[in-house]
Amino acid sequence: MRKTECLAMILAGGQGSRLGALTKKIAKPAVPFGGKYRIIDFPLSNCANSGITKVGVLTQYKPLELHNYLATGAAWDLDVRDGGVFILPPYAREKGADWYRGTADAIYQNLNFIELADPEYVLILSGDHIYTMDYAWMLNAHKENKADATIGVIEVPWEEAPRFGIMNTDEDGRIESFEEKPKEPKSNKASMGIYIFTKDFLKKYLEEDAVLEDSEHDFGKNIIPKMLNDGARMFSYAFEGYWKDVGTIESLWQANMDLLQEETPFDLQGKWKIYSSNPSMPPHFVGADASIKKSMISEGSMIEGEVTNSVIFPGVRVGKGAKVTNAVVMPMTQIGAGATVDYAIVAQDCIIKDNVTVKGEPGAIKVVPEGETVA
Amino acid sequence: MRKTECLAMILAGGQGSRLGALTKKIAKPAVPFGGKYRIIDFPLSNCANSGITKVGVLTQYKPLELHNYLATGAAWDLDVRDGGVFILPPYAREKGADWYRGTADAIYQNLNFIELADPEYVLILSGDHIYTMDYAWMLNAHKENKADATIGVIEVPWEEAPRFGIMNTDEDGRIESFEEKPKEPKSNKASMGIYIFTKDFLKKYLEEDAVLEDSEHDFGKNIIPKMLNDGARMFSYAFEGYWKDVGTIESLWQANMDLLQEETPFDLQGKWKIYSSNPSMPPHFVGADASIKKSMISEGSMIEGEVTNSVIFPGVRVGKGAKVTNAVVMPMTQIGAGATVDYAIVAQDCIIKDNVTVKGEPGAIKVVPEGETVA
Amino acid sequence: MKNVLGLVNIQEDNSLIRELTASRAVELVPFAGRYRLVDFTLSSMVNSGIGHVGVMLPDRPRSVLDHVRSGKEWDLSRRHEGLFYLPSVKVERESREGDLKNFYANADFFEHSDKKYVLITSGSFIYNIDFNALMDFHIEKDADITMMYHVEKGENTGKNAVLEVNGDGRAEDIAEKTVVYDGSKMSLGVYLMEKRVFVEIIRNAYEHGGNDLLVDGIIKNAGKYKIYAMEHNEYVAHVESMNAYYKSSMDLLRYDVWASLFMGKNPIYTKVKDEVPVQYKEESEVKNALIANGCIVHGSVENSILFRGVKVGKGVKIKNSVIMENCDLKDGALIENVICDKNVVVSKDKWLKGAPNYPLIVTKNVTI
Amino acid sequence: MKNVLGLVNIQEDNSLIRELTASRAVELVPFAGRYRLVDFTLSSMVNSGIGHVGVMLPDRPRSVLDHVRSGKEWDLSRRHEGLFYLPSVKVERESREGDLKNFYANADFFEHSDKKYVLITSGSFIYNIDFNALMDFHIEKDADITMMYHVEKGENTGKNAVLEVNGDGRAEDIAEKTVVYDGSKMSLGVYLMEKRVFVEIIRNAYEHGGNDLLVDGIIKNAGKYKIYAMEHNEYVAHVESMNAYYKSSMDLLRYDVWASLFMGKNPIYTKVKDEVPVQYKEESEVKNALIANGCIVHGSVENSILFRGVKVGKGVKIKNSVIMENCDLKDGALIENVICDKNVVVSKDKWLKGAPNYPLIVTKNVTI
């Protein structure tokens, strides 16, 4: 049996309440993004491309729908011997079921899963971020530094630093202190919520934290500060490139729009492919009166109207004379003839009837929830 | 998308307390049986051979170990598009987590899984039985009878009938009444715990039953009697052949011994193969002083002693001069030189030291639990 | 359809569309923006519930092996049954042409299969068929062999079998023609029969010197077996000539054809490439087109099909053309009535123009 | 080993064990009760973390395709990378023998691969190797090419390459011999090198008229490249003759050989058949034997290997023999010093006896 060197655990979040209407029927990681992907395709593809084949996905809600989407993990080529994608909802145990009380508690409750896989290192990821990253390099740095913990950091504009968890490091990258949302930041290195821990080290801290009554069982608030306090060898790993939190409607919309720039935020055509469960649809059909500009359009769609500055997912129909601008239109949605959609996210399986207008504005994106009919 | 015509749900039971020491570390369906199989290989292989490719496995305990064993379902060729094996533990929902309160409640709690699969029929199976059966024939009978429910029955010796749920049927096989463990049975047709329901019909009864406070939420005790009471079209489907409950230590041992008869209880060499997750081990090694009689021995074992009337699983070592009789020895267990094992079940990964004796007797089979060392 | 063995016939008969088949069997010619011809019959079989499918390997098998691989995309990478390849067998002192020798060489394999029926199809037809209806028809008619046909509209050139069918569905005549006239019943190269009949036919035909399953196995036996034929009245194309290829491609630009082939309940599967959605840039203009994922469009596209990964530079104009995978059309290029095979590069400001209905064909990997 | 492309060489050179290779390539000869020779190198590659493996298809590819199929059992049925077949390419007017022409015909494929290294192995060696150690050695020595060898005990006939290696591990001489003497360093047919070096070698060797990778690619270039060789000191066998086959089979009846090949941390994978455990009946007697699942044993077996699904009737005596899959030895049969290929039936009370060390060979599907 080949040993799992590094096991990935994706914190796929709670109810995703900041995404509101989009997570009514599906878990946050399954929310569509970028014309054909789901948010979770990014960390999963990063894992596959980094050679990490065993991945646990921790989710509180709607695990079945997620299970159906992830299936055997074949889409990400993770259906390998000793690998695979495992959905880990908080299920009933001998002592009864507990909700995940925080990010650290979610990992704690799945320590038996980790022990079964028996890795040397555990990579903890967040399910809310869009980025491409080779975790193998970060793991190498962790090993070279003989670190207990390595935390992915990205330099953010100084004025935004107070919104993040900020790492203060020495010149070797060793973390000297950590401040959660500091008013006067000493550094602009923000934690990306990507951690590599040496397994036994992590286990010890999770077990200690689990019994503390006044802990919020959160990595950023409790675990990391405690580790630093104890003088553990903790290093930062600097990431450069596009990295975007899509935990809110506005940021999800903006991240979709980012893909339409002349220079896309990461090399979409490159070797680092983002894999996705494929819908087996034909090339999209463009009608005789269509107009498409500055947009991304996926397979199986049928465009007869005007699409500008928008992201269109598989199986969408845009009727004659319809105008779709600054919009994200998710799979299988139909937009009727003469309808107008502007500054909006229209979720899956919606019907926008003929000549209807769905209009938001910058900073107040209009959302049509899954399965709705707008007449 | 191909539609799932018939979805199978395997009730993989509670803590399997009647199997005691054997289910300390693994769920009952994962208990080894027959020299290389696990109990759940039988219903799963029956499903695969019957053309049923989507299977839910309902278990309360140790779902991770079971998940690891079932993996992608590839061993049973169930890793197909629109198919697969789904482990369904009682996980946390919006209203908090509930234990499965009975067989019917277990299905009720997974109605959303059933709705997602959207089958016309639901086949409900038990995870404690060893038998080979083509469910496709039973499904045909269900359709031809335009039945609401079809129940698999087997004729048992009249004197044993009081231990079973007994079906009284008319000459067309339509069930007229049902008695749970009748003192004076009117028929010897015992329920096998195999049900086919038309999905909508089942759903209605499960939803009605779920809110009844005095119900035990059990198919045999509550659901079936209520359906009969309402005059539903319920038919029996007669099964002929080997069918054995392995829910107790004695019956598990006996069912293993049944395989050693001159005429095996079902055609082990036939077309109806029992699939199993394969350990990739070589042919077993028989030493120069070994003696093997009336036994089943699997791959990867090394036999140097005497094995008589026993079932030996993969990777077992039987040392020189050891005597193993009337025993079931599960994977990777080592039996030292000169040791004696008689009327016993030795679970996985045990070590029986040299010259030690493990001895039970008929009716009082000795059990060595998983991972123990007997010195 | 659990008791049916599927067999996909790959003939490598590339006489009529030579430009596209220099490096591949005709069944592996790219079509419809992301597919190969063989995808259509393979997907139809799988969608009909056939789980054991043999694909014949031509003498030059690389194009088949590269595309079909393990069969995973058709859900045919299985432990039991699933996909298998029928290698072309080199019989010593064998000089016969045709598909019969390959079937004959594998006859023992068919004989040992535990399936009751075989469904033989050709890898070069374009359709999306549920074969369950064919099986019902076959059983209802108590036929020995059941074929399928399509009533052709307009004239169609290329080697095709044409049927005469009576009111009951019985095939009264089967003949191979080089032109199919309007209203003729064109065979779809589909044969359903019991395995026992199939083995009897190929043994008999081959051992009496035959070459071809259709001619020597079916046509010459028309008196001996009860042959029925069932109509398929949705879209069908048979790519037997460059003209037919171009015409069928242009057919796809009609919404009803596109929707009936691809958007019904049964998808057509193909090798997945994980390409990104099409990126349309500021100045793009697109009308009446099929555009596959992975394309980047700066210029204008009209009445055309772009395969996966095509780059359309600024000011490029594409009209009435089929541009295959990974072609790179540099700024200012003009392309009209052209079929570009894979990986063609058209340099800046170059013009390429064919005649209407006589497209110019640019072979693979060429830079112009 | 993510940056390594694995290539399994299948040569179909069946000159020396002709009786077992009439219907299969030598690499597909059954061995050790449930495996084929090629399983050993394929499993070693996969266990070493190589996920992209090409298997060369011989002219008669059926035995390879039937066994390896989609590669699923080796975990090589993948969407990306995984298993691929290198078809034997028929170059027109090509009369050369040897493996070089196949490598040459696929040179463009290797060139386009994004892997840095290639590991070429032969499908006819029996070993269980972790190639990670080889890669470490290759990098440490800064070698152009690294081979592997085994120090032979006793004399071994058959065509084998023998190395002279200096204290640093540098190969000072490589020669092809027909007898390998006690203490010689026998090549395991393993070559690790950068892809760029590999393509250079096959292009150069083929274009200058070469036939054989070892002779024309490696031996003749021994001065040009830095060739190192690493020892593998666990069990190795090379089946180059019927004698070697029989001897290696008997080797497996030593517990240490069986345990070192199969019971370490890396399993050997093969096609799974879901056979039941061996059923020993009342009167069975078995000593010093390897018995595969699916066998039913009524009689006595000594110093022998039974493959999957062998039936041993009452009163049957088997001694010093290798009995392959699904043989049926009826009551009272006597078998000594025999190798039975698959599906052999030995009738009631028949005797079959070879000489010690010169086993009698019974070919496939025969009834005696």
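In what follows, the structure referred to is the one given above.
Residues numbered from 1 in each chain as written. Chains lettered and ligands numbered in written order. Predicted model: local features only at pLDDT ≥ 70, side-chain atom pairs only at ≥ 80, totals over all residues. Heavy atoms only, no water.

Another point: the overall build of chain C. For chain C, the count of helices and strands is nine helices and 26 strands. Against the globule reference of 21 Å for 368 residues, chain C gives a C-alpha radius of gyration of 21 Å, in line with a compact fold. The principal-axis extents of the C-alpha atoms in chain C amount to approximately 65 × 45 × 40 Å. For chain C, the computed accessible surface area is about 13,400 Å², with 47% contributed by carbon and sulfur atoms. Chain C carries 47 positive and 52 negative side-chain charges, and their two centres are separated by 5 Å. (Helix = DSSP H or I, 4+ residues; strand = E, 2+ residues; numbered from the N terminus. Rg over C-alpha atoms; globule rule 2.2 N^0.38 Å. Areas by Shrake-Rupley, 256 points an atom, 1.4 Å probe, with all protein chains shown as cover. Lys, Arg positive; Asp, Glu negative; His and termini not counted. Charge placed at Lys NZ, Arg CZ, Asp CG, Glu CD.)

The secondary structure content of chain A amounts to eight helices and 27 strands. By principal-axis analysis of the C-alpha atoms, chain A measures approximately 65 × 45 × 40 Å. Within the span of chain A, comprising 375 residues, buried residues form 61% of the whole. Of the contacts made within chain A by residues no fewer than 6 positions apart, 57% connect residues no fewer than 24 positions apart. As presented, chain A carries roughly 14,200 Å² of accessible surface, and 47% of it is formed by carbon and sulfur atoms. Put simply, chain A has 39 plus and 52 minus side-chain charges, and the middle of one group is 4 Å from the middle of the other. (Buried < 20%, exposed > 50% of the residue type's maximum accessible area, 1.4 Å probe, protein only. Contact = heavy atoms within 4.5 Å.)

The element helix α2 (residues 63-70) of chain B is largely enclosed, with a buried count of six among its eight residues. Of the residues making up α2 of chain B, those classed as buried are Pro63, Leu64, Leu66, His67, Tyr69 and Leu70 of chain B. The elements touched by buried residues of α2 of chain B are β5 (84-88) and α4 (111-117) of chain A together with β3 (37-38), α1 (41-49), β4 (54-58) and β5 (84-88) of chain B. Once α2 of chain B ends, the next one or two residues include Ala71 of chain B, with phi positive near 50°.

For the rest of this paragraph, the subject is the interface of chain A and chain C. Contact with chain A, which involves 39 residues of that partner, is made by 40 residues of chain C. With both sides pooled, the region where chain A packs onto chain C buries about 3,300 Å², and carbon together with sulfur makes up 50% of that total. Looking only at chain A, the three residues that lose the most surface to chain C are Gln269, Pro283 and Phe285 of chain A, adding up to 20% of its buried area. If you look at where chain A meets chain C, you find two salt bridges. Counting residues per element, the ones that place at least two in the side of chain A that touches chain C are β14 (284-286), β15 (291-293) and β16 (295-297) of chain A. Its residues placed into classes, the side of chain A that touches chain C shows 16 nonpolar, 14 polar and nine charged. Pairing geometry for β16 of chain A and strand β14 (residues 278-280) of chain C, over three bridges, is antiparallel. Within the sheet, the bridge partner assigned to Met296 of chain A lies in β14 of chain C and is Gln279 of chain C. (Buried area = accessible area lost by both parts, 1.4 Å probe. Salt bridge = Lys/Arg side-chain N within 4 Å of Asp/Glu carboxyl O. Nonpolar A, V, L, I, M, F, W, Y, C, P; charged D, E, K, R; others polar. Pairing = 2+ DSSP bridges.)

Bringing the interface of chain D and chain B into the picture now. Facing the 40 residues of chain D at the interface are 39 residues of chain B. Carbon and sulfur atoms make up 49% of the surface buried where chain D meets chain B, a total of about 3,300 Å² over both sides. It is Asp274, Pro277 and Tyr280 of chain D in chain D that bury the most area against chain B; as a group they hold 19% of the surface buried on that side. Across the salt bridge formed by Lys72 of chain D and Asp79 of chain B, the nearest N and O atoms sit 2.9 Å from each other. On inspection of chain D and its partner chain B, the count reaches 21 residue pairs in polar contact (both at pLDDT 80 or more). Where the side of chain D that touches chain B is concerned, the elements lending two or more residues are α9 (255-262), β14 (278-280) and β15 (285-291) of chain D. (Polar contact = N/O pair within 3.5 Å; in protein donor to acceptor, adjacent residues only side chain to side chain.)

On to the state of the cysteines, then. By definition, a disulfide links two cysteine residues through a covalent bond between their sulfur atoms. On inspection of all chains with the given rule, the structure shows zero disulfides over all chains. Free of any disulfide, Cys340 of chain D has its nearest neighbouring cysteine sulfur in Cys327 of chain D, separated by 4.8 Å. (Disulfide = S-S within 2.5 Å.)

Before going further, it helps to examine the environment of Arg81 of chain B. Its place among the elements puts Arg81 of chain B in the loop between α2 and β5. Along the sequence, Arg81 of chain B and Lys54 of chain B sit 27 residues apart, while their C-alpha atoms lie 9.5 Å from each other.

Turning our attention to the pattern of salt bridges. Here the idea is simple: oppositely charged side chains can pair when their charged atoms come close. A complete count under the given rule lists 76 salt bridges over all chains for this structure. Note that Glu336 of chain D and Lys353 of chain D form a salt bridge whose closest N and O atoms lie 3.7 Å from each other. With Glu336 of chain D in strand β22 (residues 334-336) and Lys353 of chain D in strand β25 (residues 351-353), the pair connects residues that are 17 residues apart, well separated along the chain. Using a relative accessible area of 22% as the deciding quantity, one classes Glu336 of chain D as partly exposed. In the salt-bridge network here, residues are joined through shared partners; they are Asp77 and Asp79 of chain A, Lys72 of chain C together with Asp75 and Arg78 of chain D.

This part covers the packing of helix α6 (residues 199-210) of chain A against helix α7 (residues 219-229) of chain A. All names here are of chain A. Packing of α6 against α7 leaves a shortest axis separation of 11 Å and a crossing angle of 120°. Comparing their axes, α7 and α6 come out oblique. Where α6 crosses over α7, the two elements pack in a sense that is right-handed. Across from Phe201, Leu202, Tyr205, Leu206, Glu208 and Asp209 in α6, the residues of α7 making contact are Phe219, Asn222, Ile223, Lys226 and Met227. For the contact of α6 with α7, a count of residues per class yields seven nonpolar, one polar and three charged. (Axes fitted to C-alpha atoms, helices over the stretch in contact; angles between N-to-C directions. Parallel < 35°, antiparallel > 145°, perpendicular 65-115°, else oblique. Left-handed = near helix turned anticlockwise from the far one by under 90°.)

Our focus in this paragraph is the pairing of strand β15 (residues 285-291) of chain C. In terms of residue burial, β15 of chain C counts as a mostly covered element, since five of its seven residues are buried. In this sheet, β15 of chain C lies alongside β14 of chain A in antiparallel orientation, the contact comprising three bridges. Within β15 of chain C, the residue paired with His284 of chain A across the bridge is Ile291 of chain C. For β15 of chain C and strand β17 (residues 300-306) of chain C, the ladder comprises six bridges, and the chain directions are parallel. Bridging across to β17 of chain C, Glu285 of chain C finds its partner in Ser300 of chain C.

This paragraph deals with the packing of aromatic side chains. Per the counting criterion, the structure on display carries 52 aromatic pairs over all chains. A ring pair is formed by Phe164 of chain B and Trp243 of chain B, whose centres lie 6.3 Å apart and whose planes are at 45°; its orientation type is tilted. Of the two residues, Phe164 of chain B is situated in the loop between β8 (149-155) and β9 (165-169) and Trp243 of chain B in the loop between β12 (234-238) and β13 (244-245); the sequence distance between them amounts to 79 residues. For the pair Phe164 of chain B and Trp243 of chain B, one class covers both residues: buried. Every member of this aromatic cluster is reached through a ring pair, and the members are Phe31, Tyr35, Phe40, Tyr245 and Phe262 of chain C. When the ring centre of Tyr69 of chain A is taken as origin, the NZ or CZ atom of Arg38 of chain A, which lies over that ring, is 4.5 Å away. (Phe/Tyr/Trp six-rings, centres within 6.5 Å; stacked < 30°, edge-to-face > 60°. Lys NZ or Arg CZ within 6 Å of the ring centre and 35° of its normal.)

Moving on, we come to the environment of Leu22 of chain A. Residues and elements named next belong to chain A. Summarising the element assignment, Leu22 is placed in the loop between β1 (6-11) and β2 (32-33). The exposure class assigned to Leu22 is buried, which follows from its relative accessible area of 2%. The sequence separation of Leu22 and Ile124 amounts to 102 residues, and the corresponding C-alpha distance is 25 Å. Apart from the residues within four sequence positions on either side, Leu22 is in contact with Val31, Ile249, Leu252, Met330, Ile345, Ala347 and Val367.

What follows covers the nonpolar core. If you look at the biggest cluster of nonpolar residues, it comprises 152 residues, and the most contacted ones within it are Phe131, Ile145, Met193 and Phe198 of chain C together with Phe131, Met193 and Phe198 of chain D. The residues contacting Phe131 of chain D, other than those within four sequence positions of it, are Met1, Ser44, Met45, Ser48, Leu119, Thr121, Met148 and Val190 of chain D. Grouped together as the second largest cluster of nonpolar side chains are 72 residues, Cys47, Val156 and Ala255 of chain B together with Val276 of chain D included. (Core = buried A, V, L, I, M, F, W, Y, C linked by side-chain atoms within 4.5 Å.)

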